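# Notes for the structure review
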Amino acid sequence: MTATMLLQRLKTIAKVFLPNGRLNAFPPDFTIRRPILSLLRRRLDRGEACFLALYRWESRFDPEHRQHAREEEQRLSAASRRQLALLAREQFGKRELIGMDQYGAQDYVVLVSAPQDPEESFVPVSLFRKLELLRHAFEGGTSALLPEAAERWQLTGTYVPVSSASWASARDAATLFKETFDFALALATGAVTPQVIEARRQLDEILAEGRISVLAQPIMDLRSGDVYGWEILTRGPAASVFHMPDELFRFAGQSKLLSKLEFIVVRHALDEIASRRICEPVFLNVTPVTLAHPLFMAHLEQCLERHPSLSPGQIVLEITERHEIHDLSEMSKILDRFREKGYRFAIDDAGSGYSSLQWIGELMPELIKIDRSVIQFVDRYKVKESLLRAIVTAAGEMSCDVVAEGVEREEEADVLFRLNVSMGQGYYFARPNPLLHAHEREIFQEMKERIQVRRGLVAS
């Protein structure tokens, strides 16, 4: 045994005597105790609502490069553990964070506690947002450490509650943790389990009954300060695993129900837009699968026929990189057929990967939406500012408008003003809410004034 191995073994032995609270991040695999389970058991005994977040790196390697994938996986694992230990503590602190560990090659679990209202969603919206912020920071930070791996790995996040009812009846932390982890993994991978079968039954009911609602987040004109348009966002029923859009759309895709879901969302969205007399552009997220569906254009036209106040020119169809396009040439022809009717297109998530930049060049969208991973802390990282500047320059040469997504801080907005980005969207400007009539928008006057003031200060 080498001196290094001996020292490592002594360090592991020494950790046996540390309290559980000091071992809440990737503890050694003790046979005499499991710190993470002990910490979870303590929170459940207190009656706290606990939640499990599963962050999973998914590989985009071709089969012939599996050996290289295994080598890179080891480097990714080491970088991920360092990043997650740091970022989870920053995001949640001692009060909320229970612990974190790695299960499987690239599966990472974070356990947290949070207030839970019985009437609230499956995972509280406020917690969901914090877990998503952690996912973005985790993915961005790890990719910065391993830039060569950034194009070949994608981080997904799946969030589920730890059942308090199961704890009250069995009080077996190990079994409860395994059931919760298995459910999260099944949702993430599409594996068939009794829980997933039940979830599929619930999704079928939701779609059959049309229990889908829509919210809208304003897209702000960063030159005038006015509302340029609205992105339509989808919600499933409250207190359901499908309340938040990530789980809803991911599971619908795994269940071959994605187009059915998107047809319903489009119908609900246009009904809401017409009833509120919205005259600004509206952005509807559509996957390439649905866009290529032979009945989708007819479905759009039927919806518009019911609402004569709306027109194709008001609708911007957002195509996201997170759904692969197998034939860009054929997709370009499909877009042209929609353009002949007056519809416009936006490429979503630009900057999150190489393929979005390829899409921009070949599909020639009317708008480019820059991914939040580029905008987050763009004021602190020169490489992000350089990427943003390059996209803005390319968009100008193509006569495209640019929307910066995920703007959450004043410093980020100031960079957008300085680089003359035309539009912005994010919590800094406004959160998603039900659509408002024109006479209900006094709340945006203050934001308009703030945009004009900040733009003036940056310009000076």
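Numbers given for residues are sequential positions, taken from 1 along each chain in its written order. A pLDDT threshold of at least 70 governs which residues receive local features in this predicted model, and a stricter bar of 80 or more applies before side-chain atom pairs are shown or counted, although totals over entire chains, interfaces and linings include all residues. The basis for every side-chain value is the complete set of heavy atoms in the structure, and neither hydrogens nor water enter the calculation.

Per an unreviewed UniProt entry, the protein goes by the name EAL domain-containing protein and belongs to Cohnella rhizosphaerae.

## What about the overall build of the protein?
To be explicit about the condition: Only DSSP runs of H or I reaching four residues or more are called helices, and only runs of E reaching two or more are called strands; each is numbered from the N terminus. Think of it in three bands: with a 1.4 Å probe and only protein chains considered, a residue is buried below 20% of the maximum accessible area for its type, exposed above 50%, and partly exposed in between. A contact between two residues is defined here by any heavy atoms of the two lying within 4.5 Å. Where accessible areas are quoted, they stem from the Shrake-Rupley method and a 1.4 Å probe; at the residue level, only the protein chains shown are allowed to cover.
The helix and strand tally for the protein stands at 17 helices and twelve strands. Put simply, the protein has 460 residues, and 52% of those count as buried. Long-range pairs, those at least 24 residues apart, make up 70% of the contacts in the protein between residues at least 6 apart in sequence. Counting only carbon and sulfur atoms, one obtains 53% of the accessible surface of the protein, whose full area is about 21,700 Å².

## Side note on the nonpolar core
Under the convention used in this document: Side-chain atoms within 4.5 Å are what join buried Ala, Val, Leu, Ile, Met, Phe, Trp, Tyr and Cys residues into a set we call a nonpolar core.
Within the largest apolar cluster, 73 residues are counted, with the highest numbers of intra-cluster contacts made by Leu52, Tyr55, Leu84, Met100, Leu111 and Phe177. Broken down by element, this core gets its largest block of residues, nine residues, from helix α6 (residues 173-189). If we skip the residues at most four places from it in the chain, Leu52 touches Val109, Val110, Leu111, Thr158, Tyr159, Val160, Val162, Phe177, Thr180, Phe181 and Ala184. Judged by nonpolar contacts, the second largest core, of 66 residues, contains Leu222, Leu270, Trp359 and Tyr428.

## Some thoughts on unusual backbone geometry
A positive phi angle is found at Arg277, which is not glycine, with a value near 55 degrees. Mapping Arg277 onto the fold places it in the loop between α9 (258-275) and β7 (282-285). With relative accessibility at 66%, the residue Arg277 sits in the exposed group. The phi dihedral of Asn420 is positive, around 60 degrees, even though this residue is not glycine. Of note, Asn420 is situated in the loop between α16 (410-418) and β12 (423-424).

## Re the environment of Ala149
Along the chain, Ala149 turns up in the loop between α4 (125-145) and β4 (153-161). In this structure Ala149 comes out as buried when scored by relative accessible area, which is 4%. In this structure, the C-alpha to C-alpha distance between Ala149 and Glu73, residues 76 residues apart in sequence, is 9.1 Å.

## Quick notes on the pairing of strand β2 (residues 97-102)
Note the following rule: Only when DSSP finds a minimum of two bridges between them are two strands counted as paired.
In terms of burial, β2 is largely enclosed, as six of its six residues are buried. Bridge count for β2 against strand β3 (residues 107-113) is five bridges, and the pairing is antiparallel. Along β3, the bridge assignment pairs Gln102 with Tyr108. Taking the residues between adjacent antiparallel strands as the criterion, β2 and β3 are bridged by four residues, where Gly104 takes a positive phi near 85 degrees.

## A look at the packing of aromatic side chains
For clarity, the threshold we go by: Pairing of aromatic side chains here covers Phe, Tyr and the six-membered ring of Trp, requires ring centres within 6.5 Å, and sorts the geometry by plane angle: under 30 degrees stacked, over 60 edge-to-face, intermediate tilted. The rule is short: NZ of Lys or CZ of Arg within 6 Å of the ring centre and within 35 degrees of the ring normal puts a charge over the ring.
Tallied over the full model, the rule gives 16 aromatic pairs. For the pair Tyr55 and Phe138, a centre-to-centre distance of 6.0 Å together with 85 degrees between the ring planes defines the contact as edge-to-face. With Tyr55 in strand β1 (residues 50-59) and Phe138 in helix α4, this pair connects stretches of sequence that are 83 residues apart. Residues Tyr103 and Phe181 carry aromatic rings whose centres are separated by 5.6 Å and whose planes lie at 50 degrees to one another, so their mutual orientation is tilted. Pair noted here: Tyr103 is in the loop between β2 and β3 and Phe181 is in helix α6, with a separation of 78 residues, a long-range link. The class for Tyr103 is buried, based on a relative accessible area of 19%. Put simply, the rings of Tyr55, Trp57, Tyr108, Phe128, Phe138 and Tyr159 pair up and form one aromatic cluster. One residue, Arg450, lies across the ring of Tyr428, its end atom 5.1 Å from the ring centre.

## Quick look at empty space enclosed by the protein
Using the following cut-off: Of the grid points, spaced at 1 Å and generated over the protein atoms alone, those admitting a 1.4 Å probe that cannot get out make up cavities, while open sets with protein on both sides within 12 Å along at least five of seven lines make up pockets; any residue with an atom within 4 Å of a point is treated as lining. Grid points are joined across faces, edges and corners, and a volume is the space filled by probe spheres set on the points. Each residue gets one label: Ala, Val, Leu, Ile, Met, Phe, Trp, Tyr, Cys and Pro are nonpolar, Asp, Glu, Lys and Arg are charged, and the others, such as Gly, are polar.
Under the criterion given, the structure shown has one cavity of 30 Å³ or more. Of the volumes computed, that of the largest cavity is approximately 60 Å³. Tallied by class, the residues present in the lining of the largest cavity amount to six nonpolar, three polar and one charged.

## Regarding the sheet that holds β2
Stated precisely, the cut-off is as follows: All axes are obtained by fitting lines to C-alpha atoms, using only the stretch in contact for helices, and the reported angles, taken between N-to-C directions, cover 0 to 180 degrees.
Read from one edge of the open sheet, four strands run β2-β3-β1-β4, paired in antiparallel fashion. Pairing within the sheet leaves two strands with one partner each, and these edge strands are β2 and β4. Pairs of neighbouring strands in the sheet enclose a mean axial angle of 15 degrees, with direction left out of account. Note that β1 and β3 share seven bridges and pair antiparallel. Across the sheet, the residue bridging to Arg56 is Asp107, located in β3. Most of the contacts of α4 go to β4, to which it runs at about 155 degrees, and overall it touches β1, β3 and β4.

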